[in-house]
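Residue strings, one per chain:
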Amino acid sequence: MAMTEEPNYYIPEDKDDVSILRRVCHISLNRSATDRRVFYKECLTLADAGFEVSYVVVNQDITNESPINLSSVNIAKRRLFFNKRANKALFKKALSIHAEIYHIHEPALLPTALKLKEYGKRVIYGMHQDLENFKMTYHWSPKFLRKFFIGQYIQKEKLSIAQLDGIITDTPWLRKKMIAVHSIVVDACDFPRMEDYPNNLFQKESSNLACYSNLDRSNHAKNLVEAIGLVDKDCQLIGKVRGKNLRKLLQKLPGWSHLIELGKIGIEARKNVFAQSKIGIIADRKNLYNQEKISSQLFEFLAAGIPIIAPNFEPTRKLLKDHKVGKFIDTSDTNDYKKAIDYFYHNQNELVQYSKNARQAFEIDFNWKNEAKKYLIMYRKIASKEKYGYS
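Predicted model, so just to flag it, every value in this text is computed and none were measured. (Residues numbered from 1 in each chain as written. Predicted model: local features only at pLDDT ≥ 70, side-chain atom pairs only at ≥ 80, totals over all residues. Heavy atoms only, no water.)

Section: the environment of Trp173
The criterion, for reference: Here a strand is any run of E in DSSP of at least two residues, a helix any run of H or I of at least four, and the numbering for each starts at the N terminus.
Inspection of the secondary structure assignment puts Trp173 in helix 6 (residues 172–178). Through-space distance from the C-alpha of Trp173 to that of Pro315 is 9.7 Å; in sequence the pair is 142 residues apart.

Next comes the structure, spelled out in structure tokens:
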């Protein structure tokens with residue numbers, strides 16, 4: 001997943017004296033005012049590049065101690081017609097900001113995006129998920145019904161997106177998929193920032209494992225817990241065990257006493273976990289959605305310099321092999337887990353080299369600084385598109 005492929009559009013030179021629009025407004029329905037992706041990466045990148053940036057969220061307390069103009073709209077939390085009421089309130093707030101470019105972050109906000117277009121605004125769609133494959137992982141309805149209704153929904157979504165000014169995806173694979181929908185698409189992957197991970201956190205003397213995933217039946221949680229029992233090592237779980245029945249099952253296994261469930265924790269707490277960990281484990285479930293992408297959690301392990309054990313999915317396997325940063329396994333096989341963990345514990349010199357490789361991969365290829373360049377190219381294109389031949 002190295003970011004060597006060039007975007008398929010004209011790149012303005014830094015020295016270009018272009019008159020571009022500067023007022024930008026990000027809008028999110030579900031993300032927090034201090035979201036790592038939207039606030040710390042996207043908004044601050046734009047502010048550092050000289051844009052005047054606002055960020056509108058829903059039902060949150062705001063403290064405006066940053067270069068970003070933060071604001072929140074309050075909407076009653078009852079579920080009935082929540083999205084409709086949210087779109088109405090967010091559109092009204094967004095219009096009052098008088099931005100020139102708007103950037104939405106959820107498909108539920110496409111009605112707001114289309115109304116902003118009616119007012120002559122330029123609108124970017126931040127696409128953070130492949131909804132088609134993601135929704136196919138829902139198991140509360142028969143597969144043939146899911147396929148029909150999701151197909152209808154996705155077709156409507158694509159028709160709306162095509163009317164906007166550009167798309168920013170968070171994976172190259174999703175960008176390739178959306179090129180058929182829109183001519184202006186760029187991927188800006190959700191890689192960690194150098195500022196957040198200035199140093200390699202790996203300690204050779206560490207003895208713990210770290211698993212950065214939610215555990216459920218579909219990602220073979222039982223096999224992981226059995227394996228940590230067999231190797232007799234503690235594993236800190238950054239995530240949750242999902243489902244009462246699964247929890248009861250896991251509690252009967254010898255490995256349960258070694259699993260330390262931390263839940264969702266902030267970046268500083270995650271860094272503390274990484275500094276105590278010898279190996280990082282990704283336990284993604286096997287489905288169309290996960291098999292086509294690389295887990296963003298994996299890139300945090302790279303930033304921390306932690307050697308990785310991950311599922312044998314094609315893009316993940318390629319990254320681990322190309323950069324020599326970890327082992328890929330069949331997560332449905334307890335013995336595969338055990339062999340990979342034992343290998344690292346019994347080959348300390350190779351473990352240290354994998355750690356160096358992981359940190360180097362982060363510093364060279366998989367950091368936000370690289371992605372920010374593409375992100376700004378896209379914004380300059382949208383902000384000055386008349387000059388570059390777009391209507």
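Next comes the rest of the write-up.
Looking at the sheet that holds strand 7 (residues 185–187)
Selection rule: Strand pairing requires that DSSP identify at least two bridges connecting the strands. Think of each axis as a best-fit line through the C-alpha atoms, taken over the contacting stretch in the case of a helix, with angles from 0 to 180 degrees between the N-to-C directions.
An order of 3-2-1-4-5-6-7 is seen for the seven strands of this open sheet, with the pairing classed as parallel. The sheet is open, and its two borders are formed by strand 3 (69–73) and strand 7, each paired with just one other strand. When the angles between neighbouring strand axes are averaged without regard to direction, this sheet yields 20°. Bridge analysis of strand 6 (residues 166–169) against strand 7 gives three bridges, and the strand direction is parallel.

Topic: the packing of aromatic side chains
Put simply, the test is: Under the pairing criterion, centres of Phe, Tyr and Trp rings, with the six-membered ring standing for Trp, must be within 6.5 Å; the plane angle then separates stacked pairs below 30 degrees from edge-to-face pairs above 60, leaving the rest tilted. Think of it in three bands: with a 1.4 Å probe and only protein chains considered, a residue is buried below 20% of the maximum accessible area for its type, exposed above 50%, and partly exposed in between. Put simply, a charge is over a ring when the Lys NZ or the Arg CZ is close to the ring centre, within 6 Å, and near the line of the ring normal, within 35 degrees.
Throughout the structure, instances matching the rule amount to 14 aromatic pairs. For the ring pair Phe39 and Tyr40, a centre distance of 5.0 Å and an interplane angle of 85° mean the geometry is edge-to-face. Seen in terms of ring centroids, Tyr212 and Phe274 are 6.4 Å apart; in terms of plane orientation they differ by 50°. Their pairing is tilted. Of the two residues, Tyr212 sits in the loop between strand 8 (208–211) and helix 7 (221–231) while Phe274 sits in helix 9 (residues 267–274), which places them 62 residues apart along the sequence. When its relative accessible area of 11% is taken as the criterion, Tyr212 is described as buried. Lys115 extends its terminal NZ or CZ atom over the ring of Phe91, reaching a point 4.3 Å from the ring centre. Note that Lys271 overlies the ring of Tyr197, its terminal NZ or CZ placed 5.6 Å from the centroid.

Observations concerning the pairing of strand 5 (residues 122–127)
Rules: Crossover handedness is defined here as right-handed if the route from the first strand over the helix to the second strand goes clockwise, with the strands pointing away from the viewer.
Along strand 5, six of the six residues are buried, which leaves the element largely enclosed by surrounding structure. Side-chain alternation along strand 5 places Arg122, Ile124 and Gly126 on one buried face and Val123, Tyr125 and Met127 on a second face that is also buried. Pairing geometry for strand 4 (residues 101–104) and strand 5, over four bridges, is parallel. When the bridges of strand 5 are listed, Tyr102 appears paired with Val123. A crossover links strand 4 with its parallel partner strand 5, the connecting element being helix 3 (residues 110–118), and its sense is right-handed. Of the pairings in the sheet, the one linking strand 5 to strand 6 comprises four bridges and is parallel in character. Looking at strand 6, one finds that Met127 is bridged to Thr169.

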